[in-house]
Amino acid sequence: MSVCEFKPGLEGIPAAQSSISFVDGQQGLLEYRGIRVEDLAQKSTFLETSYLLIWGELPTREQLAAFEHEVRYHRRIKYRIRDMMKCFPESGHPMDALQASAAALGLFYSRRDLDNPAYIRDAVVRLLAKIPTMVAAFDLMRKGNDPVRPRDDLDYSANFLYMLNEREPDPLAARIFDVCLMLHAEHTMNASTFSARVTASTLTDPYAVVASAVGTLGGPLHGGANEEVIGMLEEIGSVENVRPYIEECLQRKAKIMGFGHRVYKVKDPRATILQNLAEQLFEKFGHDKYYDIAVEIERVAEEKLSQKGIFPNVDFYSGLVYRKLGIPTDLFTPIFAIARVAGWLAHWKEQLAENRIFRPTQVYSGLHEADYIPIEQR
Ligand code: CMC
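Residues numbered from 1 in each chain as written. Predicted model: local features only at pLDDT ≥ 70, side-chain atom pairs only at ≥ 80, totals over all residues. Heavy atoms only, no water.

A. View of the packing of helix α9 (residues 191–200) against helix α16 (residues 332–353). Between α9 and α16, whose axes approach to 9 Å, the crossing angle comes to 40 degrees. Judged by the angle between their axes, α9 and α16 are oblique. Viewed along their axes, α9 and α16 form a crossing whose handedness is right-handed. Residues S192, T193, A196, R197 and A200 of α9 form the contact with α16, whose own contacting residues are R340, W344, H347, W348, E350, Q351 and L352. (Axes fitted to C-alpha atoms, helices over the stretch in contact; angles between N-to-C directions. Helix = DSSP H or I, 4+ residues; strand = E, 2+ residues; numbered from the N terminus. Parallel < 35°, antiparallel > 145°, perpendicular 65-115°, else oblique. Left-handed = near helix turned anticlockwise from the far one by under 90°. Contact = heavy atoms within 4.5 Å.)

Have a look at this one:
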């Protein structure tokens, strides 16, 4: 490839050599460290999967118990961080609150002792433990309530749902939420992971790495699409309106949110699992009419877009699951971030192991030898 060949969006250009996850977009296959995501969703937990991603292999019983114990006892956040969050505007987006809070952790814990495995482990534990607490705290504080203290007797996902709703979740709801976190934990070289690796390559601290990735995840073409899907379902309102809505969207070349992927040219395997989880939730806790609308969108979109390789992605059904769990729509992307912290940290560690600072090139398309025009003549 010529150095000057420009690929918008860096499509098809490898930005790293990685052994963390693998996607086959033609087969609809996703593996974390070689293990199929369907297998993990059935048999693992989010913390065990995080360990697998970050340290490269499944933990032994003792390793897992030690890791879970450390994460459990680092869930609290310092009162100064809570006080800082109290000053955030209630109308601010929770992703912006999360980005600022993640960066603020660096003020308290940054030593940049990157050659020390104990520092790496501490940072991993702190970020995995504290990010959910910060997401839940902002949600309560923006409503004028005090944040809820984490409960040491609850598992990772049950504790998050407890902090959010101030009541212990149903075990099925907690398990389904944990599976959602596993499904969002990692996904090869996407925009936010690239952002994390670029930031990591400067040898800054891991809190800055996560903060920059959170900022990147927030956009509607990336993690923000799950919020937009709910907006679309609300706008459509009924199954009968689906076809005219989709046709009108396609006519004006608007994207259908929750559809399409740079890599997958078949249905995203995570969307299939999430659809199944949504059905389990509806069976236990009652149906959601938006699900019928979603299924109809998938049917009509398949008719119109499957020849282009456009199918539902991870964001299409995740919002319906979160809605049924009583989670506000603008927390969907912060929840994606809670999960993806695992993947970002795995990439941070991998980047450090063979670091070279990212410094790509560009194709200059501007002027040369231009005259400076005095302001009064412009
Ligand atoms: N609805 C309708 N048409 C679409 C869609 C869609 N959702 N996605 C792609 N297309 C069409 C697009 O119009 C273009 O058609 P044409 O060749 O006729 O101009 C073609 O497919 C290629 O689209 P692209 O935008 O060049 O593809 P990309 O690889 O740059 O973008 C994407 C991938 C995910 C940004 C895009 O599919 C999209 O914007 N989807 C909607 C937003 C969304 O659901 N994002 C979540 C992505 S998955 C989770 C994550 O990454 O966080």
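B. Focus on the packing of aromatic side chains. Going through the model one piece at a time under the given rule, you end up with 15 aromatic pairs. Taking 5.0 Å as the distance between ring centres and 40 degrees as the angle between the ring planes, the aromatic pair formed by Y51 and W55 counts as tilted. Residue Y51 and its partner W55 are both found in helix α2 (residues 46–55); the two are separated by four residues, about one turn of the helix. Residue Y51 is classed as buried on the basis of its relative accessible area of 7%. Note on Y322 and F332: the rings are 5.5 Å apart at their centroids and 55 degrees apart in plane angle, and the pair reads as tilted. In this pair, Y322 sits in helix α15 (residues 314–324) while F332 sits in helix α16, placing the two residues ten residues apart along the sequence. As far as the burial class goes, Y322 and F332 line up, both buried. Taken together, F259, F282, Y291, F316 and Y317 form an aromatic cluster joined through their ring pairs. We note R121 situated over the ring of W55; from NZ or CZ to the ring centre the distance is 5.4 Å. Directly above the aromatic system of Y162 lies the positively charged group of R151, at a separation of 4.9 Å from the ring centroid. (Phe/Tyr/Trp six-rings, centres within 6.5 Å; stacked < 30°, edge-to-face > 60°. Buried < 20%, exposed > 50% of the residue type's maximum accessible area, 1.4 Å probe, protein only. Lys NZ or Arg CZ within 6 Å of the ring centre and 35° of its normal.)

C. Structural view of the site of the ligand. Taken together, 21 residues form the shell around the ligand, and within it H222, K255, I256, R262 and K308 come nearest. Contacts to the ligand include G258, whose backbone N or O atom sits 2.9 Å from an oxygen atom. Between the ligand and the protein, one listed contact pairs an oxygen atom with a side-chain N or O atom of R262 at 2.7 Å. In isolation the ligand exposes 930 Å². Once the protein is present, 69% of that is buried. Taken together, the residues of the shell around the ligand sort by class into eleven nonpolar, six polar and four charged. (Near = heavy atom within 4 Å. Polar contact = N/O pair within 3.5 Å; in protein donor to acceptor, adjacent residues only side chain to side chain. Areas by Shrake-Rupley, 256 points an atom, 1.4 Å probe, with all protein chains shown as cover. Nonpolar A, V, L, I, M, F, W, Y, C, P; charged D, E, K, R; others polar.)

D. Representation of the sheet that holds strand β1 (residues 21–24) within the structure. Strand order across the open sheet formed by three strands is β1-β2-β3, with antiparallel pairing between neighbours. The outermost strands of the open sheet, each flanked by one partner alone, are β1 and β3 (35–36). With two bridges connecting them, strand β2 (residues 29–32) and β3 associate as antiparallel partners. Of the residues in β3, the one forming a bridge with Y32 is I35. (Pairing = 2+ DSSP bridges.)

E. Molecular detail of the pattern of salt bridges. All chains considered together, the criterion is met by 24 salt bridges. Salt-bridge contacts for D139 lead to K143; the nearest nitrogen and oxygen are separated by 2.8 Å. Overall, the relative accessible area of 1% leaves D139 in the buried class. Here E303 makes a salt bridge to R243, at a shortest N to O gap of 3.0 Å. Of this pair, E303 sits in helix α14 (residues 289–305) while R243 is found in helix α12 (residues 242–251), placing the two residues 60 residues apart along the sequence. The partly exposed category is assigned to R243, whose relative accessible area is 27%. (Salt bridge = Lys/Arg side-chain N within 4 Å of Asp/Glu carboxyl O.)

F. A look at helix α3 (residues 61–72). With twelve residues, α3 should cover 16 Å at 1.5 Å per step; its first-to-last C-alpha distance of 16 Å lies within 8% of that length. By the burial criterion, the buried members of α3 are L64, F67, V71 and R72. Here the buried residues of α3 occupy an arc of 130 degrees about the axis, which is enough to place them on one side. Elements in contact with the buried residues of α3: α2, α6 (117–142) and α7 (156–165). (Expected span 1.5 Å × (residues − 1). Arc of directions from axis to C-beta.)

G. Representation of the side chain of S157 in the model. With respect to the element layout, S157 can be found in helix α7. According to the relative accessible area criterion, S157 is buried, its value standing at 3%. Reaching out from S157, the side chain makes a polar contact with the side chain of D178 at a distance of 2.6 Å. If sequence neighbours within four positions are ignored, S157 has contacts with A174, F177, D178 and L181.

H. Quick peek at the domain arrangement of the protein chain. Looking at the protein chain, the domain boundaries give domain 1 (18–220 + 339–353) and domain 2 (225–324). Between the C-alpha centres of domain 1 and domain 2 the distance comes to 26 Å. Each partner contributes to the interface: domain 1 provides 24 residues, whereas domain 2 provides 23 residues. In total, domain 1 and domain 2 occlude about 1900 Å² of area from one another, counting both sides; carbon and sulfur atoms represent 70% of this. It is I176, L183 and H184 that lose the most area in domain 1 upon contact with domain 2, and together they represent 26% of the buried surface on that side. Here domain 1 is connected to domain 2 by one salt bridge. A salt bridge links D170 to K284, with the shortest nitrogen-to-oxygen separation between them at 3.2 Å. Between domain 1 and domain 2 we count five residue pairs in polar contact (both at pLDDT 80 or more) in total. Of all the secondary-structure elements, those providing two or more residues to the side of domain 1 that touches domain 2 are β1, β2, α1 (37–43) and α8 (171–184). The element best represented in the side of domain 1 that touches domain 2 is α8, accounting for seven residues. (Domains from an automatic or database assignment. Buried area = accessible area lost by both parts, 1.4 Å probe.)

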